[in-house]
Amino acid sequence: MPWPLTTERNASGELLVGGIPLTRLADEYGTPLYVFDEATLRTRAQRFRDAFASTYPRSRVLYAAKAYLSPALVAILHAERLGLDVSSGGEVYAGLASGVPAAKMTFHGNGKTDEELREAVEAGVGLIAVDNRWELRRLVGVATAAGTRVSILLRLNPGVDVHTHAKIRTGAIDSKFGLPVGGGEAAAAVDEALASPALDLAGYHAHLGSQLFDPEAYVDGIEAILGFAAAMRDRHGDPAVPRVVSPGGGFGVAYLPDEADADPATWGAVAADALRAGCARYGLPLPELVVEPGRAIIGPAGVALYRVGATKEIPGVRRYAMVDGGMADNIRPALYDAGYAVALANRAEDGPVLPVTVAGKYCESGDVLVRDAPLPALVGGDLLAIPAAGAYTLSMSSNYNLARRPAAVLVNGGQARLIRRRETYADLLAADLLPEVPAPPRTTRETPLATVSGA
Ligand SMILES: *Cc1c(COP(=O)(O)O)cnc(C)c1O
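By convention here, each chain's residues receive numbers from 1 onward along its written sequence. Owing to the predicted nature of the model, reporting of local features is limited to residues with pLDDT of at least 70; listing and counting of side-chain atom pairs is limited to 80 or more, with chain, interface and lining totals taken over all residues. Calculation of side-chain values draws on the structure's entire complement of heavy atoms; hydrogens and water are dropped beforehand.

**Student:** An account of the side chain of Lys112 is needed here, citing residue identities and associated values.
**Tutor:** Helix and strand assignments follow DSSP, with helices taken as H or I runs no shorter than four residues and strands as E runs no shorter than two, numbered in order from the N terminus. Along the polypeptide, Lys112 turns up in the loop between strand 7 (105–107) and helix 5 (114–123). Relative accessibility under 20% of the residue-type maximum defines a buried residue, over 50% an exposed one, and the middle range a partly exposed one, all with a 1.4 Å probe and only protein chains included. Judged by its relative accessible area of 9%, Lys112 falls in the buried class. The definition of a polar contact used here is a pair of N or O atoms within 3.5 Å, where within protein one atom must be able to donate a hydrogen and the other to accept one, and adjacent residues in sequence count solely through side-chain atom pairs. Among the polar contacts listed, one links the side chain of Lys112 to the backbone oxygen of Gly109, at a separation of 2.9 Å. Polar side-chain contacts of Lys112 include one of 2.6 Å to the backbone oxygen of Ala129.

Structure (structure tokens):
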């Protein structure tokens, strides 16, 4: 089930999360509104931490911040002893602002700029996951200039294909991410990393994709990493033996009522077995295992609320309900054909149910949040709730049509706290500048057009 743990309906049929009726939150903070349930967030963080620690004590869980970096939520995850996986200078900055020490961060990304590398090195980011040889050389320059030695992982492209949407598959041979293992690019990167006194090669990383359900993905990833590590050990000896192995994140979550989350306990056990068996087979010492769930931590903790406006029935074709948000706050349906559940939040879902397409308000025909959802007849003013909306929604949000990005609240035990205010119109123009525009050249004859054509 995709709903937060604390979801319930009261006697009058209203939906509650964290002990608060969603109608009350919508009235107080406006819509669209993103509601995060603290109990669900903490429970999921603990479940990952405990699942991996109990089966493989030398494991570390990093929250992949790109799923949604809210300082309030990241501070909670830090309190739950999760580290942070960041993928831009902005995320390093926001992670630090959330109170996460740089040493607990791993910096990912295939296009890190010199400026971002400099900022990360100066902040003391724990590990930099180097994606390619260009970056490796830039990092040598940055570390040398800073007079420090930087610990790195090499991001491998192991050529492992996983079953997920093409746009969120990252470990197949044809991928922009990582150093291809086949063809020698990854081996050449190891040669270069070991040759530089500015770099400390801590280990290897492979992230295969997102929204994965088969833990065999982790077996494939770990096997590819260890096979490569053994070859590098044979070539370079101890310096190429990994102290850290990371098969990334990608744990799938339920979006629809009949789906179930990938179970961290199963994945933990599978990963631990693969790591122990592989290390024994290759004669490698057991490394630290670093896993990076993003979606699986934050996704199911979030619910999006929208107010229904117009409804439209195209006879014999489709029934539409327009809502006050859409692709600007949640691009996933338009980008990945992602499916969502939706529930009526302000009253009981009784009466006959008919398919309704929940359409966003933005100027794109593709701006549809949920197609043909089974809902009772809707009227303007109804409140709709979309579960599993915490990941890759606000973090991918835009100001398209000059929409103000939504507010977010954190709920727990009947209390709500605003963790992000709704943007204002002034925010929309905060970065815009209005230079003095030169006046248009004056024509010699200032004859009003009316007199030319008239009289
Ligand atoms: C995106 C990403 C993750 C998190 O992926 P989820 O599917 O949200 O768990 C982890 N590691 C890396 C390197 C990533 O790019």
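Next comes the rest of the account.
**Student:** How would you sum up the sheet that holds strand 1 (residues 8–9)? Please name residues and give values.
**Tutor:** If you walk across this open sheet you meet the 3 strands as 1-2-3, and the pairing is antiparallel. Of all strands in the sheet, those with a lone pairing partner are strand 1 and strand 3 (20–21), marking the two edges. Two strands form a pair only when DSSP identifies at least two bridges running between them. Pairing of strand 1 with strand 2 (residues 15–17) involves 2 bridges; the strand directions are antiparallel. Across the sheet, the residue bridging to Glu8 is Leu16, located in strand 2.

**Student:** Describe the site of the ligand, naming the residues involved and giving the relevant values.
**Tutor:** The full set close to the ligand counts 15 residues, and Lys66, Ser210, Glu292, Arg295 and Tyr392 are the nearest of them. The contact in question runs from an oxygen atom of the ligand to an N or O atom on the side chain of Lys66, over 2.8 Å. At 2.3 Å from an oxygen atom of the ligand is found a side-chain nitrogen or oxygen belonging to Ser210. Note on areas: Shrake-Rupley, 1.4 Å probe, and residue coverage restricted to the protein chains presented here. Out of a free accessible area of 380 Å², the ligand has 93% covered by protein chains. Classification used: nonpolar for Ala, Val, Leu, Ile, Met, Phe, Trp, Tyr, Cys and Pro, charged for Asp, Glu, Lys and Arg, polar for all others including Gly. For the shell around the ligand, the per-class residue count stands at 3 nonpolar, 7 polar and 5 charged. Throughout, the term near means that a residue has one or more heavy atoms lying within 4 Å of the molecule or strand in question.

**Student:** Any chance you could break down the domain arrangement of the chain for me, citing the residues and the numbers?
**Tutor:** When its domains are assigned, the chain resolves into domain 1 (8–36 + 300–428) and domain 2 (108–293). Each of domain 1 and domain 2 has a C-alpha centre, and the two are 37 Å apart. Contacts are assigned to residue pairs with any non-hydrogen atoms lying within 4.5 Å of each other. In this complex, domain 1 contributes 8 residues to the contact, which on the side of domain 2 involves 8 residues. The buried area of a pairing is the accessible area, by a 1.4 Å probe, that goes missing from both parts when the two are put together, added over both. Here domain 1 meets domain 2 over a buried area of about 790 Å², counting both sides, of which 62% is carbon and sulfur. When residues of domain 1 are sorted by the area they lose upon contact with domain 2, Pro300, Tyr336 and Ala388 head the list and together hold 45% of the total. Salt bridge, as used here: a side-chain nitrogen of Lys or Arg that lies within 4 Å of a carboxyl oxygen of Asp or Glu. The tally of links from domain 1 across to domain 2 stands at 0 salt bridges. Tallied by class, residues from the side of domain 1 that touches domain 2 come to 6 nonpolar, 1 polar and 1 charged. All domain edges in this entry derive from an automatic or database-based domain assignment.

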